[in-house]
Amino acid sequence: MSDLTGKLKNSVLKLPLLILVVSVLVTIGITYNFYQSSKNKDTVRFNNEVAGIQSKIENKVDLCVALLKGGRGFVESTDNLNRQTFANYVKSLELSVNYVGVQGIGYNKIILPGEKESLEAQMKDEGYTDFKLFPESAGSAQQAIIYLEPLNEKNKKAIGFDMSTEKNRREALERARDTGNAAASAKIFLLQEEEGSDRQSGFLIYLPIYKSGSSPLTLADKRQNLIGYIYSPFRSRDFLADVQEDASNSNVALKIYDGDRTSENILIQTDQSQPANFSEQIESKYEAQGDLNVAGRNWIISYSSLPAFAAQSSVGWTPLIFLSGMMFSLLIFGTTYWEASARAEMQKIAAELFELEKQKQNLLEKEQTARQSAEQANKTKDEFIAVVSHELRTPLNAIAGWARILRAEDLSSGTRKLALEKVDKNLRLQTKLIEELLEYSQIISEEVSPEKKPVFFSEVFEFACQQISEPARDKNVEFVKQSELNGHIILGDEEKIKIVLNNLLSNAVKFTDAGGRVEAIAKANNGNIQMIVKDTGKGISPQYIPHIFEIFNQHDNSTTRAYGGLGLGLAISNHIVKLHNGTIEVKSRGEGKGATFIVNLPHQIQ
Ligand code: ADP
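Residues numbered from 1 in each chain as written. Predicted model: local features only at pLDDT ≥ 70, side-chain atom pairs only at ≥ 80, totals over all residues. Heavy atoms only, no water.

**A word on the overall build of the protein chain**
Move 1: In terms of regular secondary structure, the protein chain is built from 15 helices and 16 strands.
Move 2: The C-alpha radius of gyration of the protein chain comes to 71 Å, more than 25% above the 25 Å expected for a compact globule of 606 residues.
Move 3: Relative to its 606 residues, the protein chain shows a buried fraction of 42%.
Move 4: Across the protein chain, the fraction of contacts at a sequence separation of at least 24, relative to all contacts at a separation of at least 6, is 70%.
Move 5: Working note: accessible area of the protein chain is about 33,500 Å², and carbon and sulfur atoms make up 54% of it.
Move 6: Here the protein chain holds 69 positive side-chain charges and 76 negative ones, and the gap between their average locations is 5 Å. (Helix = DSSP H or I, 4+ residues; strand = E, 2+ residues; numbered from the N terminus. Rg over C-alpha atoms; globule rule 2.2 N^0.38 Å. Buried < 20%, exposed > 50% of the residue type's maximum accessible area, 1.4 Å probe, protein only. Contact = heavy atoms within 4.5 Å. Areas by Shrake-Rupley, 256 points an atom, 1.4 Å probe, with all protein chains shown as cover. Lys, Arg positive; Asp, Glu negative; His and termini not counted. Charge placed at Lys NZ, Arg CZ, Asp CG, Glu CD.)

Printed below as a string of structure tokens:
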């Protein structure tokens, strides 16, 4: 039962645990997958964002270069270029609407020695009353911004400035001149910028203008024919204003380096809004770098994701998904465990019921066996009473018959003698039967051992053999006795031992037909006195052997009727032998094959 309970407990846990392990593994798998795909999505999102910004900047640069080319075309095609025509042209472009971040379009003129005075006079004519070329320089040729539209307060500050006097500007001017293409300057601060918190760095893009009608191919030609530049000044942050519509809420921060990545060279930085600890959250930070050719200069644009970008990421859901999965797994485990326990409990109850049913069946069988043996005992008893009545009546009938004959007057002396003998024989038979009955009731009621005295077994054996030899002879049964004993003693009740020997010998003679043989052997064997009674008589069937020593038991009533007897002798003998701590057993090879009874009684060593 406890084995069963153990097995049930094991099987109760098996399935729920398996389900738990599987669902935890599935949860881990789903969580990992979710995390990976969220990361992938973020990477794609970031790359798209970067590509979008990069192409916007590129387009913007291209647009500005195109704008300058338009300006150059205007200058080249205008015969009588003056401040008014230039201002009208720039005004028609509506820079503040169409070209956000372009501070203006300017014209930078080459002034050969000797042209300075006439230029100043021309400028004054066109309305620049305080026009002055600056800074002062004693060199051969000079340059000056003569127009810069729209001419607001800031732009005014640049009018008259010789840009070739500043290193970064000069480098760009020369490159534009020598290549004939647009050339951007390195990082500069515009003259228009005032010192202060709003001060932005900036850059310029120049486009060379050569003498009208000339198309210089060689470097020398280009230098020779250069008359000026059309250019635009840019404030870096304003330039990017429409690239990132709302920089304060953007997903990506930008840093634009001019040339190489050194902090001094930085053109634009838009990541002011990053929290101090954001860069430590490496997990949620993405970075990328792009190169851009801006009118001959190499810009390096470095991108990094901002908190707003991370906020849109689904990576943050990963722990929640894992927790939900784990909770779901536990829930499934709980319900399957509860189910399995309930099932196991039911199985246990069913097993207990089965066990009870088995016990009930056993009890029923025992009760049936007991009833059957009680019925059998009852039947045996009834049969025994019938046998006893019959056995007692037989000699009585004979006595009554012979007594009636004796009463006749004309009875011959021979008949009288025979009648008396018959009466006497039947009386003895009757007495023997009654003695046997008394003996039985007396012996069977003795539970304790009889009072034991030393008995010379050979004497008892001799006596019993003597008693049987006459009936054997009468029946024409050969009787042989053989004794190896010599003064062997047993402790016991002599009279009772005689009963045993007498029973066995008289049975042997009784159940052996004329011409048969009965053998009685007495010997010492392993500390016992052994008596063997062997006959060649009717034998005993194997089925009857186990019951032969039971009380009221006769193998076959019909046979017994033929042989007479009450069926008590062997039961009495068995009882007596046991009271003497001995054993009695029977062997027979079957019906008609004779029987052997063996009695062992403990030998009293003197
Ligand atoms: P009884 O001899 O008075 O019938 P017993 O108790 O002595 O009673 O014997 C019981 C039965 O055992 C007999 O009825 C007989 O069937 C069987 N039996 C006993 N001894 C022998 C024997 N030597 N050979 C064959 N059967 C025997």
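**So, the pairing of strand β6 (residues 252-258)**
Move 1: Counting buried positions along β6 yields six of seven residues, so the element is predominantly enclosed.
Move 2: As defined by bridge partners, β6 adjoins strand β9 (residues 297-305) across seven bridges and the pair is classed as antiparallel. The partner of Tyr257 across the bridge, within β9, is Ile300.
Move 3: Across three bridges, the pairing between β6 and strand β7 (residues 266-269) is antiparallel. (Pairing = 2+ DSSP bridges.)

**Examining the side chain of Arg72**
Move 1: Tracing the backbone shows Arg72 in helix α1 (residues 2-77).
Move 2: No salt bridge is formed by the buried Arg72; the nearest opposite charge belongs to Glu76, separated by 4.3 Å.
Move 3: Looking at Arg72, its side chain comes within polar contact range of the main-chain oxygen of Pro208, at 3.0 Å.
Move 4: Setting aside its immediate chain neighbours within four residues, Arg72 contacts Gly180, Leu207, Pro208, Ile209 and Ile230. (Salt bridge = Lys/Arg side-chain N within 4 Å of Asp/Glu carboxyl O. Polar contact = N/O pair within 3.5 Å; in protein donor to acceptor, adjacent residues only side chain to side chain.)

**Things to note about the environment of Ser313**
Move 1: With respect to the helices and strands, Ser313 occurs in the loop between α9 (307-311) and α10 (318-406).
Move 2: The spacing of Ser313 and Lys41 is 272 residues in sequence and 8.2 Å in space, taken between C-alpha atoms.
Move 3: For Ser313, the residues in contact, after removing those within four places along its chain, are Asp42 and Arg45.
Move 4: A polar contact is formed between the side chain of Ser313 and the side chain of Asp42, at a distance of 2.4 Å.

**Here we look at the sheet that holds strand β11 (residues 478-483)**
Move 1: One open sheet accounts for five strands, arranged β11-β13-β14-β16-β15; its pairing is mixed. Only two strands of the sheet have a single neighbouring strand rather than two, namely β11 and β15 (583-587). Going across the sheet, the axis of each strand differs from the next one's by a mean of 10 degrees, ignoring polarity.
Move 2: Pairing analysis gives six bridges linking β11 to strand β13 (residues 517-525), with the strands arranged parallel. Each residue of the ladder has a partner; that of Phe479, found in β13, is Val518.
Move 3: Packed on one face of the sheet, helix α12 (residues 457-474) meets β11, β13, β14 (528-535) and β16 (595-602) and runs near 170 degrees to β11. (Axes fitted to C-alpha atoms, helices over the stretch in contact; angles between N-to-C directions.)

**Let's talk about the packing of helix α13 (residues 494-510) against helix α15 (residues 569-579)**
Move 1: Their axes nearest at 9 Å, the elements α13 and α15 cross at an angle of 145 degrees. In this structure, the crossing between α13 and α15 has a hand that is left-handed. Between α13 and α15, the residues in contact are Lys496, Ile499, Val500, Asn503, Leu504 and Asn507 and Gly569, Leu570, Ile572, Ser573, Ile576 and Val577, respectively.
Move 2: Broken down by class, the residue content of the contact of α13 with α15 amounts to seven nonpolar, four polar and one charged. (Left-handed = near helix turned anticlockwise from the far one by under 90°. Nonpolar A, V, L, I, M, F, W, Y, C, P; charged D, E, K, R; others polar.)

**With respect to α13**
Move 1: Relative to the 24 Å expected for 17 residues at 1.5 Å per residue, α13 spans 24 Å between its end C-alpha atoms, a close match to the ideal helical length.
Move 2: Of all 17 residues that make up α13, twelve are buried, and the element is covered over most of its length.
Move 3: Those residues of α13 not exposed but buried are Lys496, Ile497, Lys498, Ile499, Val500, Leu501, Asn503, Leu504, Leu505, Asn507, Ala508 and Val509. (Expected span 1.5 Å × (residues − 1).)

**Describing the packing of aromatic side chains**
Move 1: One pass over the structure, following the stated rule, counts 17 aromatic pairs.
Move 2: Among the aromatic side chains, those forming a connected cluster through ring pairs are Phe203, Phe234, Phe239 and Trp299.
Move 3: A cation sits over an aromatic face here: Lys60 above Phe239, 5.5 Å from the ring centre.
Move 4: Sitting over the face of the ring of Phe189, Arg199 holds its NZ or CZ atom 3.9 Å from the ring centroid. (Phe/Tyr/Trp six-rings, centres within 6.5 Å; stacked < 30°, edge-to-face > 60°. Lys NZ or Arg CZ within 6 Å of the ring centre and 35° of its normal.)

**Digging into the pattern of salt bridges**
Move 1: One pass over the full model with this rule turns up 18 salt bridges.
Move 2: Between Lys481 and Glu462 there is a salt bridge, with its nearest N and O atoms 2.7 Å apart. With Lys481 in strand β11 and Glu462 in helix α12, this residue pair connects regions lying 19 residues apart in the sequence.
Move 3: Accessibility expressed as a relative area gives 31% for Glu462, which makes it partly exposed.
Move 4: Residue Asp493 pairs with Lys496 through a salt bridge whose shortest N-O separation is 3.2 Å. The same class applies to Asp493 and to Lys496, which are both buried.

**Some thoughts on the side chain of Asp42**
Move 1: Turning to its location among the elements, Asp42 is positioned in helix α1.
Move 2: Discounting residues that sit within four places of it in the chain, Asp42 has contacts with Tyr286, Phe309, Ser313, Ser314 and Val315.

**Some points on the confidence of the model for the protein chain**
Move 1: Summarising the model, the protein chain shows a mean pLDDT of 87, and 91% of its residues fall at 70 or more.
Move 2: Across residues 278-282 the pLDDT falls below 50, and counting only partners more than four positions away or on other chains, this stretch makes seven contacts in the model. (pLDDT = per-residue confidence, 0-100.)

**Regarding the packing of α10 against helix α11 (residues 413-445)**
To characterise two packed helices, one gives the angle between the axes of the helices and the distance between these axes.
Move 1: Axis separation between α10 and α11 bottoms out at 9 Å; the angle between their running directions is 160 degrees. Put simply, α10 runs roughly antiparallel to α11. In the packing of α10 onto α11, the handedness of the crossing is left-handed.
Move 2: Across the contact of α10 with α11, the residue classes tally to 20 nonpolar, three polar and three charged. (Parallel < 35°, antiparallel > 145°, perpendicular 65-115°, else oblique.)

**A few points about helix α2 (residues 83-93)**
Move 1: Those residues of α2 that fall on the buried side of the exposure criterion are Phe86, Ala87, Tyr89, Val90 and Leu93. Projected down its long axis, α2 shows its buried positions confined to an angular sector of 160 degrees, all on one face. Seen from the open side of α2, the exposed residues pointing more than 90 degrees away from its buried face are Gln84, Lys91 and Ser92.
Move 2: Regarding α2, its N-cap is Asn82, as a side-chain oxygen of that residue lies 3.0 Å from the backbone nitrogen of Gln84 further along. (Arc of directions from axis to C-beta.)

**Brief notes about the sheet that holds β7**
Move 1: One open sheet accounts for four strands, arranged β7-β6-β9-β8; its pairing is antiparallel. At either end of the open sheet lies a strand with only one pairing partner, and these are β7 and β8 (287-294). Each strand axis lies, on average, 20 degrees off the axis of its neighbour in the sheet, ignoring direction.
Move 2: One ladder, built from eight bridges, connects β8 with β9; its direction is antiparallel. By the bridge assignment, Gln289 is partnered in β9 with Ser302.

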